[in-house]
Amino acid sequence: MSKIQIILGSTRQNRLSEKVGKWLLKLLNEKENIEAEILDLREYPLPFYNEPAPAAALNRNYSNPEVQKWSQKVMEGDGYIIISPEYNHSFPAVLKNALDSLYSEWNHKPVGIVSYGGVGGARSIEHLRGVLSVLDMIALSKHLTIFNAHQIFENDQPQIDEKLAQFADTLIKDLIDYTELFKEFRAKRS
Ligand SMILES: Cc1cc2nc3c(=O)[nH]c(=O)nc-3n(C[C@H](O)[C@H](O)[C@H](O)COP(=O)(O)O)c2cc1C
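Calculation notes
- Residues numbered from 1 in each chain as written.
- Predicted model: local features only at pLDDT ≥ 70, side-chain atom pairs only at ≥ 80, totals over all residues.
- Helix = DSSP H or I, 4+ residues; strand = E, 2+ residues; numbered from the N terminus.
- Rg over C-alpha atoms; globule rule 2.2 N^0.38 Å.
- Buried ≥ 20, exposed ≤ 12 C-beta atoms within 10 Å, placed from the backbone.
- Contact = placed C-beta atoms within 7 Å.
- Core = buried A, V, L, I, M, F, W, Y, C linked by C-beta atoms within 7 Å.
- Near = placed C-beta within 6 Å.
- Nonpolar A, V, L, I, M, F, W, Y, C, P; charged D, E, K, R; others polar.
- Expected span 1.5 Å × (residues − 1).
- Arc of directions from axis to C-beta.
- Pairing = 2+ DSSP bridges.
- Right-handed = clockwise from strand over helix to strand, strands pointing away.

Peer 1: Let's hear about the overall build of the protein: which residues, and what values?
Peer 2: Helices and strands together make up the secondary structure of the protein, namely six helices and six strands. Along its sequence from the N terminus, the protein presents helices and strands in the succession β-α-β-α-β-α-β-α-β-β-α-α. A globule of 190 residues ought to have a C-alpha radius of gyration of about 16 Å, and the protein, at 16 Å, matches this closely. Along the longest, intermediate and shortest principal axes, the C-alpha atoms of the protein span 45 × 35 × 25 Å. Split into buried and exposed, the 190 residues of the protein put 37% on the buried side. Here the contacts in the protein between residues at least 6 apart in sequence split such that 81% fall between residues at least 24 apart.

Right, dumping it as structure tokens:
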């Protein structure tokens, strides 16, 4: 059994990330040997990074209990989907802070990126990739850029066309394969 966590990259009122996350959760839970869950940053009110040293130097000992709670939850994940809307041509600050707050919890774990926005959130993805690489994450080459996301996810029942369904399925298949591969890799390293 592998655990895949879907991180909602936005916390604002009326956010779309929650709807996109629920759709992906359903798709993941249809797969065998996968346990999926949503990580909602609203439930982890992290301080803006304020430790005396970078997370990479802290050995998972954080002074703030919210960060400790976030660390324990992220440790449970074998792979991730990050849902990243585009805010001012990048990804949201709340997501950057959640990533910055940890280090070894992320290492050698695969991640698929899902974005949306005027150009499908493409600029957000490119910024995110650099950050994920420093965290030693395995960002899949394939990603999901959703155009017209507000129309698609307007109602409780999202209007997913065949092409988007296919792209999502490919991303999920790749993520599951990489997740299994890197579980073995991490076991060898430990
Ligand atoms: C602060 C802010 C900045 C935004 N900047 C962009 C942008 O640069 N490019 C874009 O395509 N959409 C931009 N948008 C529109 C968002 O992509 C759209 O509102 C999306 O639904 C936000 O994701 P969320 O609903 O999960 O918060 C911005 C929205 C916000 C709130």
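Peer 1: Break down the nonpolar core for me, with residues and values.
Peer 2: In this structure, V20, I81, I82 and I83 are the most contacted members of the largest nonpolar core, which totals 47 residues. Sort the elements by how many residues they give to this core and helix α6 (residues 162–189) lands first, with seven residues. Each residue touching I83, except ones within four places of it in the same chain, is listed here: I6, I7, L8, G9, S17, V20, G21 and V114.

Peer 1: Can you tell me about the environment of R123, naming the residues and giving the values?
Peer 2: Take R123: it is sitting in helix α4 (residues 122–134). Between the C-alpha atoms of R123 and S90, which are 33 residues apart in sequence, the distance is 5.9 Å. Setting aside chain neighbours within four positions, we find R123 in contact with E86, H89 and S90.

Peer 1: Any details on the site of the ligand? Residues and values, ideally.
Peer 2: Surveying the vicinity of the ligand reveals 13 residues, the closest of which are S10, L16, P85, G117 and G118. For the shell around the ligand, the class distribution of residues is four nonpolar, six polar and three charged.

Peer 1: Could you give me a rundown of helix α1 (residues 17–29), with the residues and numbers involved?
Peer 2: With 13 residues, α1 should cover 18 Å at 1.5 Å per step; its first-to-last C-alpha distance of 18 Å lies within 8% of that length. Looking only at α1, the buried set comprises S17, V20, G21, W23, L24 and L28. Along α1, the residues classed as buried sweep out an arc of 160° about the axis, all on the same side. Across from the buried face of α1, at angles greater than 90 degrees, the exposed residues are K26 and N29.

Peer 1: Describe unusual backbone geometry, with residues and values.
Peer 2: Trans is the common state for peptide bonds, and a negative phi is the common state for residues other than glycine. Of note in the backbone geometry, N33 takes a positive phi value of approximately 60° without being a glycine. Tracing the chain through its elements places N33 in the loop between α1 and β2 (34–40). For N33, a count of 8 C-beta atoms within 10 Å gives the class exposed. Positive phi is not limited to glycine here, since H108 has a value of about 60°.

Peer 1: So what's going on with the pairing of strand β1 (residues 2–8)? Residues and values would help.
Peer 2: Within β1, five of the seven residues are buried, which leaves the element mostly enclosed by the surrounding structure. Where β1 and β2 come together, seven bridges link them in parallel fashion. Opposite K3, over in β2, you have E35 as the bridge partner. Pairing of β1 with strand β3 (residues 79–85), which is carried by five bridges, proceeds in the parallel orientation. Residue pairing for β3: I6 is matched across the bridge by I81.

Peer 1: How would you sum up the pairing of strand β4 (residues 110–116)? Please name residues and give values.
Peer 2: Counting buried residues in β4 gives seven out of seven residues, a clear majority hidden from the surface. Note that β3 and β4 share six bridges and pair parallel. If you follow Y80 over to β4, its bridge partner there is V111. As for the winding sense of the linkage, the β-α-β connection from β3 through helix α3 (residues 93–100) to β4 is right-handed. The pairing of β4 with strand β5 (residues 138–139) spans two bridges and is parallel. The residue bridging V111 from the neighbouring strand is A139, located in β5. Sheet topology note: the β4/strand β6 (residues 144–146) ladder contains three bridges and is parallel. Paired with Y116 across the two strands is I146, which belongs to β6.

Everything listed is a geometric property; what it means functionally is a separate question.
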